[in-house]
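# Structure at a glance
Each chain, written out:
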Amino acid sequence: MSHGPEWHFAERPTIEHLQAMGYGFVAPAEHAGLRDGENQVLFRPHLVEALMRINGIDRPSAEATYGELAAISGNETWLKVLRGDYSRKISGQETRQTLRVIDFLKPGNNRFSVTNQLRVEAENTRRPDLVVFVNGIPLVVIEAKSPLNIKDKTGEAFEQIRQYERDIPRLFFSNVFNIVTDGALVLYGATGASSRYFGEWRDPWPKSEADFADSLAKGLWCLLQPGRLLDLIAHYVVFETTESGTVKKICRYQQFRAVNRIVERVLEGKHRQGLIWHTQGSGKSLTMVFAALKLKTHRTIQSERLTNPNILVLTDRVDLHTQISGTFVACGLPNPMTINSIKDLHALIRNGKDGHTALSTIFKFQGSKQAIENSGNWIVMVDEAHRTQEKDLGAYLRATLPDARFFGFTGTPVKKDDKDTYANFGVVGESYLDKYGIDDAVADGATVPIYYTGRKTDWHIDEAKIDILFDTWFAELDDDKLNEIKKRGVRIEDLVKHPRRIELIAYDIWTHFKAYAQPDGFKAQIVAIDREAVILYKQALTKVIAEELQAGGLDAAAALARADAMSACVYSINQEDGKPSEDAHRQAIRDGLKAHYVDAEAEKQVKQAFGRKGEDPQFLIVCDKLLTGFDCPIESVMYLDKPLKEHGLLQAIARTNRVSDPKKRNGLIVDYIGVSANLEEALASYRADDVKNAMRDLDDLRNQLRTAHAVVAVMLKPVKRKAFDKDGLKAEFDAFIKALGSEDKWFEFKARARSFISLYETLSPDPSVLEFTADLKWVATFLLYGTQHFEKRQAFDQMNYSEKIREMLNQHLEATGLSVTVKLRHITDPDFWEDFETDGKTDEDLMTAAIRKTTELRKTVSERIDASPHQYGKFSERLRQLLEKLESAQLSWSDKLKAAEELAKDLAAEDEAHVEAGLSPGAYGILQILNEFDAGADWEDLAIRLEGLYTDPATAPAGWWEKDGLRKSLRQQVRSMAHLAGLTQLKEIPDQVEAYALKHFAGH
C-alpha cells in the first residue's frame, strides 16, 4: 500500500509516540477478528477480557454485558458508563452489580491501543486515519492532515472529523474527544465541537517544553498519556444544558492544571489555601465545576482526605451567584444545593453531615462567629475573591469555618496593594497558585484581543479642567440655572450629559456601528455615566436611527417603532423615579426611566434576544448592570462614555472579548470620555505585567497592517500591477504565478496574504485601511486564482471573509470581469466546454484552461463518487492520472487540456448512460450496485422494481428516511426481492441500496 505525506509526517510518528507511551498497535488485518462486522466499532475480545479482569465476573456475564454496551447510542450515557455509573444483574447474584469498563485507580490494568484505517461501514462508509481504544472502546479519533492553520482553524482535517461524525455516528457514541494534527500542531476538541472550539494544549504541566523532542510528542503526551487520558475522562468532561441544546465541553490546559494543583494542595495538607487568577472569558466558572467534580468523585485517587468532602462555592453578587449556580446545575454536577437564606445556610453547615455541594452568597455569613465542628472537611471556593474580603465578610467566613481549605478565584488580577486577598488566599512567596493571564487567553484563541480607539478629543472630559469646560459648554444657560449649578459645584456628569454632546455622540455611534459591527451581525453595548444618561442616549439614538429610516422611505410612525426596537436599556429602579418634579427636564427623565425600565424577567428576555443574531435589540444601553458576568459572544464593540478605572474597567471591557464566529477577530472599545488617554493611570494599581495587554491601542493594529502589507508587497515586487480589466489582470496573475515558481513559495505567499487581509478586515472601516484597498482587492482575487493553479482545488477563503469585505470583492470581480476567470463552472453548465477550444490561445491561456478544467473535474468527480460510488468509482483512478499528467514536464499544456477534455466527455457520457440503457437515472444507479455483486446477469427489471419500492408513496411514504421501523421494513423487502431474483449477498445488497436511496430519493 502506498502511503501519502500524511502517513510519513503525522500518522506514523503518532503511532510511534503512542507505542512509546505503552499503547499496543492493532494492525488493520486484525480488525475483522476483533469486531462483529464492519459496521461495529467495539473490539469485542478486548472489552470482554477487561470486564472479566476488572470486575471479576465470568465470561458468559461479560459477553452478555458486551451485548448490552454495544446497543448504547448516547454519548452522554456512554460517558456515565466510562465513569463506572453502570450496573446489571450478574448470573448467580440477587442484586445488580456495578460494572466498570475502565480501572481508573490502576492505569496498568487497562488495555490502551491504537489502530489505523479502521473501515466503518455505514450509508457512507468511512475510514478515519487513527482511532485510540481503551479496553476495546473507541475513545479518540485522530485525523492527520497537512498543514493546519491555528489562527483560522479551517481546513480538511476539521471537515473530515465533521463528516465522520455525520456519516459513521456509531464510532462517536463512546467518543470522548477528537484530535487533528499535521505532524507538528496538535489540536483537540470534544465530540461534536466545531473547529473554533478546537485548541492546542500549550502547557505540558507538570513537565516542561524541554522534556519533549517536538510539539507532536508534547501534544500527544498531554492528551493521551494513559494516566492523563484517564484523568480527563474521569473529571474533565461535562455536558452543559444551554438555551440551544446540550453542549459537550472538555477542559482546557489551564483548567486541568489549576484543578490538579488544588487537588494536590488538599492531598498534601501543608497549605490550606491558594489563589487562582484566570482571566475573564477563559472559563473560570467551568474551572470551579471541574474542581468540584474531581474533589467529589476523585475516581483516579484514593485518599482519606477526599473520602466525603463538603464543597461550598461562594460569590458576592446575586448575578454571579445565579450564573455559577446555573453552570453547576447545567453541567449535571451531583446534587448542587443553592442556599436561599441565612437560616438555610446554617441548617446545612451545622448539621454535622458530610458530602454536601452548596452554592451561596458570602453575605449569608454576615454576623456568623461560631465555628462549626467539622470545618476541616469543608473546601471553600470563593469567586471574585478580592471583593469578598471587604466589610468583615472574610472574617465572619473564617470564624465559622476555621479549619476549612480556601481557594480564591478571580477573573481580574489582584491589585499590588491588596494585602487582604493575598493574606487570605495566597501562600507566602507564591502570589498565584495558578495564573492564566490576558495574553495567555488571546494566544490560545480562548478570548479575542481588545483594542481601543479614542473618538474626537473635544468630547473627552478632563476633570482638572472641568470649570473651564463648563463655562464654554453651558454659556447659553440662563444666569439662575448657571448659578444654581455652580453653587452646588460643577460635576463631571453635568458635562457628560450636555444634550448637544449626547446628540453628536449618538450620531457618531450609529455611523460607526453601521460600518463596523452591523454588516457581520455583531452587536454593541453603550456604557453611560448614570441612569439619566442611559435615557438621554436611548432618546438620541432612537431619533438619529428613525430620521435615517424615514429618509429611506419609511413613514414616521414605522421608522420610530423600528428605531426604538433597536436598543434596550438595562438599569436598576430607584424609589425617586415615581416622584413628580416641577422641573420639566427632570420630570421627562423620570418618565423615561419608568418607560424604559425592564424587570428581572424582561431583562432575561432582552439579554437572550441580544445574544441572537438578526434579532433586536442591536444595542444594550447600560450604566452599571451587565458590565460583569454577562457573557455575550455576539458583542464586538463597546461605546464607552463612563470614566471607569481599575477593576470596573477590566470587567467592563471584557464583555467584548468572547470568541464568536471567525469574523470576530477582536473586541473594540470606542472611548468617548478619555479613559484610554489615561490608561496607565486607570490601571496603575495593578502590576504592569498583569494588565500589559488588557486594551491595545488601535494604532498598534494600524502598524501591524502596514507591516503585513509591506511583507506582501515585497513578494509582489516582480510584477508590474497597473491593469483594471480582465485580460490585463489575468496577465498579471500569470506573471506572478511564474514569479512564485514553487508550491513552497505559494504557501508562503498565501500565509502572508491571509495575515494582511485579516488585519485589513479587523480595522475596516477605519480610514487607515483606504490606502491598502487596491492591493487588497488584487491579493484576495489572486488567492482564488492561485489556489486553482497550485492546489487544483477551489479556494474557500472568501467564505470566511467578513460581509463588508466579501461585498467589496464581489463588486470588484464583477466590475473587472474577473469572476469569469476565477469562478469554477459545473459540468452541466453549457459554458463549461468553451475552455477546451485551443484555437488562438497562448501557452499561458492553455495552462490556465488546463488547470481550471482539472480543478472543476476534481470537484465534479468527488461529488459524483459521493453520490453514486458504484457508478462513478472508476473515475477516481482517471482523476489521479490527470493530476499526475498536469505535473508532467513531458506533456504540453495543449495535451494536458486534451486529457482533461477526454475525462470530461467520459464523465458526461456516464451522466447520460441511463438514457441509452432506457432507464431512469435512479434505476440505472441501482443497476450499477447489483452489477457489482453479479455482473453476468440481467438485473434491469430488479433495478426498476427497487427504485419503485423507494419512490412509490404506497411503499415509501413521505418521511420514510426518518423512521427506523419503515427503513428496516424496506431493507427486508429489498432482501426478499434480491433473494427471489437469485442474488446471494443478502446482507450487503439491502444496505447499499438503502444508502443509495437515502442520497437520491429521500426528501423528494
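Residues numbered from 1 in each chain as written. Predicted model: local features only at pLDDT ≥ 70, side-chain atom pairs only at ≥ 80, totals over all residues. Heavy atoms only, no water.

## Quick look at the overall build of the protein
If you tally the helices and strands in the protein, you get 41 helices and 25 strands. Within the protein, the fraction of its 1004 residues that count as buried is 53%. Pairs at least 24 apart in sequence give 71% of the contacts found in the protein among residues at least 6 apart. Put simply, the protein shows about 43,800 Å² of open surface, and 50% of that area lies on carbon and sulfur atoms. (Helix = DSSP H or I, 4+ residues; strand = E, 2+ residues; numbered from the N terminus. Buried < 20%, exposed > 50% of the residue type's maximum accessible area, 1.4 Å probe, protein only. Contact = heavy atoms within 4.5 Å. Areas by Shrake-Rupley, 256 points an atom, 1.4 Å probe, with all protein chains shown as cover.)

## Topic: the packing of aromatic side chains
Evaluated as defined, the whole model comprises 30 aromatic pairs. With a centroid separation of 6.1 Å and 70 degrees between ring planes, the pair formed by Trp746 and Phe782 is classed as edge-to-face. Residue Trp746 is located in helix 29 (residues 743-763), and its partner Phe782 is located in helix 30 (residues 773-791); the two are separated by 36 residues in the primary sequence. Here the two residues Trp746 and Phe782 agree in accessibility, since each one is buried. Counting every residue linked through ring pairs, the aromatic cluster contains Phe733, Phe736, Trp746, Phe749, Trp778, Phe782 and Tyr785. (Phe/Tyr/Trp six-rings, centres within 6.5 Å; stacked < 30°, edge-to-face > 60°.)

## Structural notes on the sheet that holds strand 9 (residues 199-200)
With mixed pairing, seven strands are arranged side by side in an open sheet as 1-4-5-6-7-8-9. Only two strands of the sheet have a single partner each, and these edge strands are strand 1 (24-26) and strand 9. For strand 8 (residues 186-190) and strand 9, the ladder comprises two bridges, and the chain directions are antiparallel. Within the sheet, the bridge partner assigned to Tyr188 lies in strand 9 and is Gly199. (Pairing = 2+ DSSP bridges.)

## Examining the side chain of Arg83
Along the chain, the position of Arg83 falls in the loop between helix 5 (75-82) and strand 2 (87-89). Once residues lying within four places of it in the same chain are set aside, the contact partners of Arg83 are Phe104, Ile233, Ala234, His235, Tyr236, Val237, Leu293 and Arg299.

## Focus: the pattern of salt bridges
Using the criterion set out here, one finds 47 salt bridges in the structure. Note that Glu68 is salt-bridged to Arg88, the shortest N-O span being 3.3 Å. Of this pair, Glu68 sits in helix 4 (residues 59-70) while Arg88 sits in strand 2, placing them 20 residues apart in sequence. Residue classification places Glu68 among the partly exposed positions, given a relative accessible area of 35%. (Salt bridge = Lys/Arg side-chain N within 4 Å of Asp/Glu carboxyl O.)

## Some thoughts on the packing of helix 9 (residues 253-268) against helix 10 (residues 284-297)
At a closest axis distance of 9 Å, the pairing of helix 9 and helix 10 adopts a crossing angle of 40 degrees. Taken together, the axis directions place helix 9 and helix 10 in an arrangement best described as oblique. For the pair helix 9 and helix 10, the crossing hand works out as right-handed. Of the residues in helix 10, those touching helix 9 at Gln255, Ala258, Val259, Asn260, Ile262, Val263 and Val266 are Leu286, Thr287, Phe290, Ala291, Lys294 and Leu295. The residue makeup of the contact of helix 9 with helix 10, split by class, is nine nonpolar, three polar and one charged. (Axes fitted to C-alpha atoms, helices over the stretch in contact; angles between N-to-C directions. Parallel < 35°, antiparallel > 145°, perpendicular 65-115°, else oblique. Left-handed = near helix turned anticlockwise from the far one by under 90°. Nonpolar A, V, L, I, M, F, W, Y, C, P; charged D, E, K, R; others polar.)

## Overview of a negative patch on the surface
A cluster of acidic residues, Asp831, Glu834, Glu837 and Asp839, forms a negative patch on the protein surface. When you line up the elements, Asp831 lands in the loop between helix 33 (818-822) and helix 34 (843-867). On the accessibility criterion, Asp831 (34% relative accessible area) is partly exposed. (Patch = residues over 30% accessible without salt bridge, like charges linked within 9 Å, V, L, I, M, F, W, Y side chains within 5 Å. Lys, Arg positive; Asp, Glu negative; His and termini not counted. Charge placed at Lys NZ, Arg CZ, Asp CG, Glu CD.)

## So, the pairing of strand 17 (residues 405-410)
In terms of residue burial, strand 17 counts as a mostly covered element, since six of its six residues are buried. Two strands pair when backbone bridges link them, and strand 12 (residues 273-278) and strand 17 are joined in this way by five bridges, in the parallel orientation. If you follow Leu275 over to strand 17, its bridge partner there is Gly408. Strand direction decides the pairing type here: strand 16 (residues 378-382) and strand 17, joined by four bridges, are parallel. Bridging from a neighbouring strand, Met381 pairs with Phe407 of strand 17.

## Focus on helix 38 (residues 921-933)
If you check which residues of helix 38 are buried, you get Gly922, Ala923, Tyr924, Gly925, Ile926, Leu927, Gln928, Ile929 and Leu930. In this fold, the buried residues of helix 38 make contact with helix 35 (869-872), helix 37 (893-916), helix 39 (940-951) and helix 41 (988-1000).

## Observations regarding the nonpolar core
A general feature of soluble globular proteins is that nonpolar side chains tend to end up buried together. Leu401, Phe619, Tyr639, Leu649, Phe749 and Phe782 are the most contacted members of the largest nonpolar core, which totals 131 residues. Once residues lying within four places of it in the same chain are set aside, the contact partners of Phe619 are Ile509, Trp510, Phe513, Ala524, Ile526, Leu541, Ile545, Met566, Ser567, Ala568, Phe610 and Tyr639. Listed in part, the 88 residues of the second largest apolar core include Ile15, Phe112, Val140 and Cys251. (Core = buried A, V, L, I, M, F, W, Y, C linked by side-chain atoms within 4.5 Å.)

## What about the sheet that holds strand 18 (residues 434-436)?
Strands sit in the order 14-15-13-16-17-12-18 across an open sheet of seven strands; the sheet is parallel. The sheet is open, and its two edges are formed by strand 14 (336-338) and strand 18, each paired on a single side. Put simply, the sheet's adjacent strands are angled 15 degrees from each other on average, direction ignored. Two strands pair when backbone bridges link them, and strand 14 and strand 15 (residues 357-361) are joined in this way by three bridges, in the parallel orientation. Within the sheet, the bridge partner assigned to Met337 lies in strand 15 and is Ala358. Of the strands in this sheet, strand 12, strand 16, strand 17 and strand 18 are in contact with helix 9, which crosses strand 18 at around 170 degrees.

## Focus on the pairing of strand 13 (residues 310-315)
The element strand 13 is extensively covered by neighbouring structure, given that six of its six residues are classed as buried. With burial as the criterion, each face of strand 13 is covered, one bearing Asn310, Leu312 and Leu314 and the other bearing Ile311, Val313 and Thr315. Taken together, the five bridges between strand 13 and strand 16 define a ladder with parallel strand orientation. Directly across from Leu312, in strand 16, lies its bridge partner Val380. The sheet contact formed by strand 13 and strand 15 spans five bridges and is parallel.

## Remarks on the environment of Leu679
Note that Leu679 resides in helix 26 (residues 679-682). Sequence spacing of Leu679 and Glu646 is 33 residues, and the spatial spacing of their C-alpha atoms is 9.5 Å. Residue contacts for Leu679: discarding those within four places in its chain leaves Tyr452, Leu649 and Met695.

## Quick notes on the environment of Leu306
Within the secondary structure, Leu306 sits in the loop between helix 10 and strand 13. According to the relative accessible area criterion, Leu306 is buried, its value standing at 0%. Placed 71 residues apart in sequence, Leu306 and Asn377 show a C-alpha to C-alpha distance of 8.7 Å. Those residues within four positions of Leu306 in sequence are excluded, and the remaining contacts are Val263, Val266, Leu267, Leu295, His298 and Ile301.

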